[in-house]
Amino acid sequence: MTVPAAVPGHEGSGRGLFVAFEGGEGCGKSTQVPLLADWLRHRGHQVLTTFEPGEGVLGRAIRSIVLDRANTDLSDRAEALLYAADRAQHVAMTIGPALSAGQIVITDRYVDSSIAYQSAGRGQPAEEIGYLSGWATQGLVADLTVLLDVPVEVGLARIRGRAAADRLEAESQVFHERVRQSFLALAAEAPARYLVLDARAETEALAARIAHRIDTVLGVERVHSGERS
Ligand code: TYD
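These notes cover the structure that comes with them. These numbers come from a predicted model, not from an experiment.

### What to know about helix α6 (residues 152–159)
Here is step 1: What α6 keeps buried is the set Val 152, Gly 155, Leu 156 and Ile 159. Down the axis of α6, the buried side of the element spans an arc of 95 degrees, and every buried residue falls inside it.
Here is step 2: Among the residues trailing α6, Gly 161 stands out with phi positive, at a value near 90 degrees.

### Digging into the site of the ligand
Here is step 1: Every one of the 15 residues lining the ligand counts as a neighbour, but Glu 25, Arg 63, Arg 109, Ser 114 and Gln 118 are closest to it.
Here is step 2: Glu 25 has a polar side-chain atom sitting 2.8 Å from an oxygen atom of the ligand.
Here is step 3: In the environment of the ligand, an oxygen atom lies 2.7 Å from a nitrogen or oxygen atom belonging to the side chain of Arg 63.
Here is step 4: Protein chains bury 88% of the 540 Å² of accessible surface belonging to the ligand in isolation.
Here is step 5: Where the shell around the ligand is concerned, the elements lending two or more residues are α2 (56–67), α3 (76–100) and α4 (111–121).
Here is step 6: If one sorts the elements of the shell around the ligand by residue count, α4 sits on top with four residues.
Here is step 7: Across the shell around the ligand, the residue classes tally to five nonpolar, three polar and seven charged.

### Describing the sheet that holds strand β6 (residues 144–149)
Here is step 1: On the basis of which strands lie adjacent, the open sheet formed by five strands has the order β3-β4-β2-β6-β7 and parallel pairing. The open sheet is flanked by β3 (47–51) and β7 (194–198), the only strands paired with a single partner. Ignoring strand direction, the axes of neighbouring strands in this sheet form an average angle of 15 degrees.
Here is step 2: Bridging between strand β2 (residues 18–22) and β6 involves four bridges; their strand directions are parallel. Following the sheet pairing, Ala 20 is matched in β6 by Thr 145.

### Section: the pattern of salt bridges
Here is step 1: In total, this model carries ten salt bridges according to the counting rule given.
Here is step 2: Salt-bridge contacts for Asp 38 lead to Arg 41; the nearest nitrogen and oxygen are separated by 3.8 Å. On the criterion of helical spacing, the pair formed by Asp 38 and Arg 41 is a turn pair, its members being three residues apart in helix α1 (residues 29–42).
Here is step 3: Notably, a salt bridge pairs Asp 215 with Arg 43, separated by 2.8 Å at the nearest N-O pair. Within this pair, whereas Asp 215 is found in helix α8 (residues 203–228), its partner Arg 43 is found in the loop between α1 and β3, the two being separated by 172 residues in sequence.
Here is step 4: Residue classification places Asp 215 among the partly exposed positions, given a relative accessible area of 28%.
Here is step 5: Using a relative accessible area of 44% as the deciding quantity, one classes Arg 43 as partly exposed.
Here is step 6: Linked through salt bridges whose partners overlap, the residues forming this network are Asp 76, Glu 79, Arg 122, Arg 167 and Glu 171.

### Remarks on the packing of aromatic side chains
Here is step 1: Tallying each qualifying case throughout the model produces three aromatic pairs.
Here is step 2: Their ring planes at 75 degrees and their centres at 6.3 Å tell us that Tyr 117 and Phe 183 sit as a pair that is edge-to-face. Within this pair, whereas Tyr 117 is found in helix α4, its partner Phe 183 is found in helix α7 (residues 173–189), the two being separated by 66 residues in sequence. Grouping residues by exposure puts Tyr 117 and Phe 183 together as buried.
Here is step 3: One aromatic cluster is present, built from ring pairs that chain together Tyr 117, Phe 175 and Phe 183.
Here is step 4: The ring of Tyr 110 has Arg 87 lying over it, and the distance from NZ or CZ to the ring centre is 5.8 Å.

### Looking at the nonpolar core
Here is step 1: Core analysis: the largest hydrophobic core is formed by 31 residues, its most contacted members being Phe 18, Ile 95, Tyr 110, Tyr 117 and Leu 140.
Here is step 2: Going through the elements one at a time, β2, α2, α3, α4 and α7 are the ones with two or more residues in this core.
Here is step 3: With seven residues, the top contributor of residues to this core is α3.
Here is step 4: Once you skip the residues sitting within four places of it in the chain, Phe 18 turns out to touch Ile 95, Leu 99, Val 105, Thr 107, Tyr 110, Leu 140, Val 141, Ala 142, Asp 143 and Leu 144.

So, how was this worked out
The residue numbers shown here count from 1 along each chain, following its written sequence. Reporting of local features is limited, given that this is a predicted model, to residues whose pLDDT is at least 70; pairs of side-chain atoms are given and counted only at 80 or more, and all residues count toward the totals for whole chains, interfaces and linings. Hydrogens and water are ignored here; the side-chain numbers use all heavy atoms of the structure. Only protein chains enter the accessibility calculation, which uses a 1.4 Å probe. A residue is then buried if its area is under 20% of the maximum for its type, exposed if over 50%, and partly exposed in between. The helix count covers DSSP runs of H or I at least four residues long, the strand count covers runs of E at least two residues long, and both are numbered beginning at the N terminus. By arc we mean the arc of the directions from the helix axis to the C-beta atoms, nothing more. A single heavy atom is enough: if one lies within 4 Å of a molecule or strand, its residue is considered near that molecule or strand. Whenever two N or O atoms come within 3.5 Å, that pair is a polar contact, provided that in protein one can donate a hydrogen and the other can accept it, and provided that, for residues adjacent in sequence, both atoms are side-chain atoms. Values of accessible area rely on a 1.4 Å probe in the Shrake-Rupley scheme; residue burial ignores everything except the protein chains shown. Three classes are used: nonpolar for Ala, Val, Leu, Ile, Met, Phe, Trp, Tyr, Cys and Pro, charged for Asp, Glu, Lys and Arg, and polar for all others, with Gly counted as polar. DSSP calls a pair of strands paired once it identifies at least 2 bridges connecting them. Whenever a helix is involved, its axis is fitted only over the stretch in contact; in every case the axis is a line through C-alpha atoms, and angles between N-to-C directions fall within 0 to 180 degrees. Counted as salt bridges are all cases of a side-chain nitrogen of Lys or Arg within 4 Å of a carboxyl oxygen of Asp or Glu. When two rings of Phe, Tyr or Trp (its six-membered ring) have centres within 6.5 Å they constitute a pair, described as stacked for plane angles under 30 degrees, edge-to-face for angles over 60, and tilted for the intermediate range. By definition, being over a ring means that NZ of Lys or CZ of Arg is both within 6 Å of the ring centre and within 35 degrees of the ring normal. For the purposes of this section, nonpolar cores are sets of buried Ala, Val, Leu, Ile, Met, Phe, Trp, Tyr and Cys residues that join through side-chain atoms within 4.5 Å. Any pair of residues with heavy atoms lying within 4.5 Å of one another is described as a contacting pair.

Here's what the structure looks like:
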């Protein structure tokens, strides 16, 4: 089976930067995404923050299906297809146009979440889930993925007491441990495209590490576009 070729966001089309945040439950993505967006906006960049699953009208409909605990009979394959459909729509209608307009796009979850949850978590073959996402996104790969890594028990303790657990959050600790290890393995395979951080660190310290890495990536971008022009 041929997985669509990886296409790092900035190559080829002369467009914006694509950053994904990934991690298990309670890792702090939803705190860090707006901090990074604000930091970039203060430096004059046009930034779009977005998320999966659930962007847009169709995304919201898919999100309500995949996260509703009442859907106890949703099959693993149907779940994988629903996340892939959400992603296809997200790339076609939101991420792609923003990147083409030269914006910096920051998404809370992307392809790695499907590999971690639907493959490592649910047990679907990784190459099939990878193929599905590659097809859905036409091979669009994040320029940088920030993995906020947190021990499962720490992350689950953080979300306990917030809203009632959704379908995925309610999975066992062993499931979430497989998810965590899968995220780490993906990062280890392509270290140049990842920033892995211990998400137990202070919010400000994490934000500074992320900003520093983005600065480096943007610096490299500037050099490359200078070379092209
Ligand atoms: P959400 O409420 O958006 O919260 P968070 O991202 O903060 O965890 O929950 C999304 C859930 O969907 C989360 O448990 C991970 C899961 N998920 C998948 O299983 N596969 C995917 O491809 C994506 C994007 C998310």
